[in-house]
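Listed below are the residues making up each chain.
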Amino acid sequence: MNPLIEAINLSYTYRAGSGKEVKALNGVNLQVARGEILAITGQNGSGKSTLARHFNGLLTPSKGEVLIDGLSAADRINIPAIRKLVGMVFQNPDNQLISSIVEEDIAFGPENLGLPPTVIRDRVNHALESLNLQDLRHEPPNQLSEGQKQLVAIAGVIAMKPKCIVFDEPTAHLDPRGRRKVLESILRLNRDEGITTILLTHYMNEAIHCDRMIVMDRGIVEMEGTPCEVFGRGDRILSLGLDYPVAAQLAQGLRLKGIKMPNDIIHTEEILSYLCQLK
Ligand SMILES: Nc1ncnc2c1ncn2[C@@H]1O[C@H](COP(=O)(O)OP(=O)(O)OP(=O)(O)O)[C@@H](O)[C@H]1O
Ligand SMILES: [Mg+2]
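Here's a quick rundown of the structure. Because the structure is a prediction, the values reported are computed rather than measured. (Residues numbered from 1 in each chain as written. Chains lettered and ligands numbered in written order. Predicted model: local features only at pLDDT ≥ 70, side-chain atom pairs only at ≥ 80, totals over all residues. Heavy atoms only, no water.)

## A word on the site of ligand 1
Here is the rule we go by: For this description, a residue counts as near a given molecule or strand if any of its non-hydrogen atoms is within 4 Å of it. In the analysis that follows, any N or O atom pair within 3.5 Å is treated as a polar contact, provided that within protein one partner can donate a hydrogen and the other can accept it, and provided that, for residues neighboring in sequence, both atoms belong to side chains. Calculation of accessible area relied on Shrake-Rupley with a 1.4 Å probe; when residues are assessed, cover is drawn exclusively from the protein chains displayed. Each helix is a run of H or I in the DSSP string that is no shorter than four residues. Each strand is a run of E no shorter than two, and both are numbered from the N terminus. Ten residues, namely Ala, Val, Leu, Ile, Met, Phe, Trp, Tyr, Cys and Pro, are considered nonpolar, four, namely Asp, Glu, Lys and Arg, are considered charged, and the remaining ones, Gly among them, are considered polar.
The environment of ligand 1 is formed by 13 residues, the closest being Gly45, Lys48, Ser49, Thr50 and His202. Within the backbone of glycine 47, an N or O atom sits 3.0 Å from an oxygen atom of ligand 1. In the model, an oxygen atom of ligand 1 is placed 2.9 Å from a nitrogen or oxygen of the histidine 202 side chain. Taking 640 Å² as the accessible area of ligand 1 by itself, protein coverage stands at 61%. Counting only elements with at least two residues in the shell around ligand 1, the list comes to strand S2 (21-32) and helix H1 (48-54). Among the elements that make up the shell around ligand 1, the one with the highest residue count is H1 (3 residues). Taken together, the residues of the shell around ligand 1 break down into 3 nonpolar, 8 polar and 2 charged.

Structure follows, in structure tokens:
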């Protein structure tokens, strides 16, 4: 495999001014394949955001190495190239929106890349279309819903044409409908545009749609595999402070009532079709 991102024995320690040290990552080894969608889960403080911030050079390793398309993030000279390769979307879109009109906001990144105006216009149009935001192009971002704002923030990253986007809990502030819309957009971008996607999330119903997932715990990768493989080890999931996906919870409830259920149910559609067959 020729991974897009590789963390090799990566450790990171925060050092506060007071001299206090927090070891947030402790020897992480991880590969992110080109074109895949990888979920990173784990309880609060397990090191997800610290890990993700290494993927576009916002942090550099205290020990070990991170390679992005073969470029070491420890070498400051590589940082501009790495920032072009990997875009970040955070929890709160307000921190990412800066202009007073949606289309200007989306154009901001490409303008900073020094691209010609015609290319910028094409990129803005493409980003608006990819996320079905054409109707909002002349709106002020601060008058949009949280879900719409998050989609505009994602459009701004898309307009930079990154190979990879890291989403750090992009749906944390959204209601269920907004969350669904943003998740659908993330999955569509991965599928249709081949953007390698890393999704940090506490929602197991988001993780189940990814190709692969890892579970972090106290700065190390505790579990790794397809969602079916990871959720198939239910006792470990609970001990790491995570939930099951809703369909897996329901399947377990039915098992306890004596109904025979397959072990690998994680999607709502799977449980529905299985129950329909039983009937
Ligand atoms: N700027 C910082 N200075 C000092 N310690 C920090 C800093 N940011 C994070 N930490 C510590 O590093 C550890 C990992 O934090 P991190 O934010 O990576 O976790 P996380 O898995 O993203 O958590 P959450 O689910 O709450 O977002 C925690 O112990 C946290 O307190
Ligand atoms: Mg975090």
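## Some remarks on the side chain of arginine 212
Rules: Here, two residues are considered to be in contact whenever any of their heavy atoms come within 4.5 Å of each other.
Looking at where arginine 212 falls in the secondary structure, it is placed in strand S9 (residues 212-217). Among residues more than four places away in sequence, those in contact with arginine 212 are Gln31, Val32, Glu36, Ile37, Leu38, Ala39, Glu224, Gly225, Thr226 and Pro227.

## Quick look at the sheet that holds strand S4 (residues 63-68)
Heads up, the condition is: Any two strands with at least two DSSP bridges between them are considered paired.
Spatial ordering of the open sheet is given by S2-S1-S4-S5, a layout of 4 strands whose pairing is antiparallel. Since the sheet does not close on itself, it has two edges, and those belong to S2 and strand S5 (71-72), each with one partner.

## Describing the sheet that holds strand S6 (residues 86-89)
Working definition: the strands of a sheet are paired by backbone hydrogen bonds and lie parallel or antiparallel to each other. The test is simple: Only the stretch in contact is used when a helix axis is fitted, and all axes are lines through C-alpha atoms; the angle between N-to-C directions ranges over 0 to 180 degrees.
Taken in spatial order, the 6 strands of this open sheet run S6-S7-S8-S3-S9-S10, and their pairing is mixed. Of all the strands in the sheet, just S6 and strand S10 (220-225) have a single pairing partner and so form its edges. When strand polarity is set aside, the average angle formed by the axes of neighbouring strands in this sheet is 20°. Both S9 and S10 contribute to a ladder of 5 bridges, which runs antiparallel. In the strand pairing of S10, aspartate 217 is matched with isoleucine 220. The strands that helix H5 (residues 146-158) touches are S6 and strand S7 (164-168); relative to S6, the one it contacts most, it runs at about 170°.

## A look at the pairing of strand S8 (residues 196-200)
Convention followed: Exposure is judged per residue with a 1.4 Å probe applied to protein chains only, and the accessible area is read against the type maximum: over 50% gives exposed, under 20% gives buried, and values in between give partly exposed. Crossover handedness is defined by viewing with both strands directed away from the observer: a clockwise path from the first strand over the helix to the second marks the crossover as right-handed.
For S8, the buried fraction is high: 5 of the 5 residues fall into the buried class. With burial as the criterion, each face of S8 is covered, one bearing Thr196, Ile198 and Leu200 and the other bearing Thr197 and Leu199. Of the strand pairs in this sheet, strand S3 (residues 37-41) and S8 are connected by 4 bridges, and their pairing is parallel. Opposite alanine 39, over in S8, you have leucine 199 as the bridge partner. Looking at chain direction, S7 and S8 are connected through 5 bridges and run parallel. Counted as the bridge partner of phenylalanine 167 is leucine 199 from S8. Of the crossover connections in this fold, the one passing from S7 over helix H6 (residues 176-193) to the parallel S8 is right-handed.

## Brief notes about the state of the cysteines
Stated precisely, the cut-off is as follows: Pairs of cysteine sulfur atoms within 2.5 Å are what we label disulfides.
Going through the model one piece at a time under the given rule, you end up with 0 disulfides. Lacking any disulfide linkage, cysteine 164 is separated from the closest cysteine sulfur, that of cysteine 210, by 12 Å. On the accessibility criterion, cysteine 164 (0% relative accessible area) is buried. You can call cysteine 210 buried: its relative accessible area is 6%.

## Let's talk about the packing of helix H3 (residues 102-112) against helix H4 (residues 117-130)
As a reminder of what qualifies: Oblique is the label for any angle not under 35 degrees, not over 145, and not in the 65 to 115 range, which are roughly parallel, roughly antiparallel and roughly perpendicular in turn. By convention, the crossing between two helices is left-handed when the near helix turns anticlockwise from the far helix through less than a right angle, and right-handed when the turn is clockwise.
Interaxial distance between H3 and H4 falls to 9 Å at its minimum, and their mutual angle equals 125°. With respect to their mutual orientation, H3 and H4 come out oblique. Between H3 and H4 lies a crossing of right-handed hand. Mapping the contact onto sequence places Val102, Glu103, Ile106, Ala107, Pro110 and Glu111 in H3 and Ile120, Val124, Ala127 and Leu128 in H4. Across the contact of H3 with H4, the residue classes tally to 8 nonpolar, no polar and 2 charged.

## Quick word on the layout of surface pockets
Under the convention used in this document: Whether a set of points on the 1 Å grid over the protein atoms alone is a cavity depends on a 1.4 Å probe fitting there but being unable to get out, while an open set qualifies as a pocket with protein on both sides within 12 Å along at least five of seven lines; lining residues are those with an atom within 4 Å of a point. Grid points are joined across faces, edges and corners, and a volume is the space filled by probe spheres set on the points. Here the limits of each domain have been adopted from an automatic or database domain assignment.
Taken as a whole, the largest pocket holds about 540 Å³ of empty space. Elements represented by at least two residues in the lining of the largest pocket include exactly helix H2 (79-85), S6, H3 and H5. Top contributing element to the lining of the largest pocket by residue count: H3, with 5 residues. A breakdown of the residues in the lining of the largest pocket according to their chemical character gives 15 nonpolar, 7 polar and 3 charged. There is about 470 Å³ of room inside the second largest pocket. Of all elements in the fold, only H6, helix H7 (204-207), helix H10 (246-256) and helix H11 (268-278) reach the threshold of two or more residues within the lining of the second largest pocket. Per-element tally for the lining of the second largest pocket: the top contributor is H6, with 6 residues. For the lining of the second largest pocket, the per-class residue count stands at 10 nonpolar, 7 polar and 6 charged. Both domains that meet at the lining of the second largest pocket, namely domain 1 (5-244) and domain 2 (245-279), each give it at least three residues.

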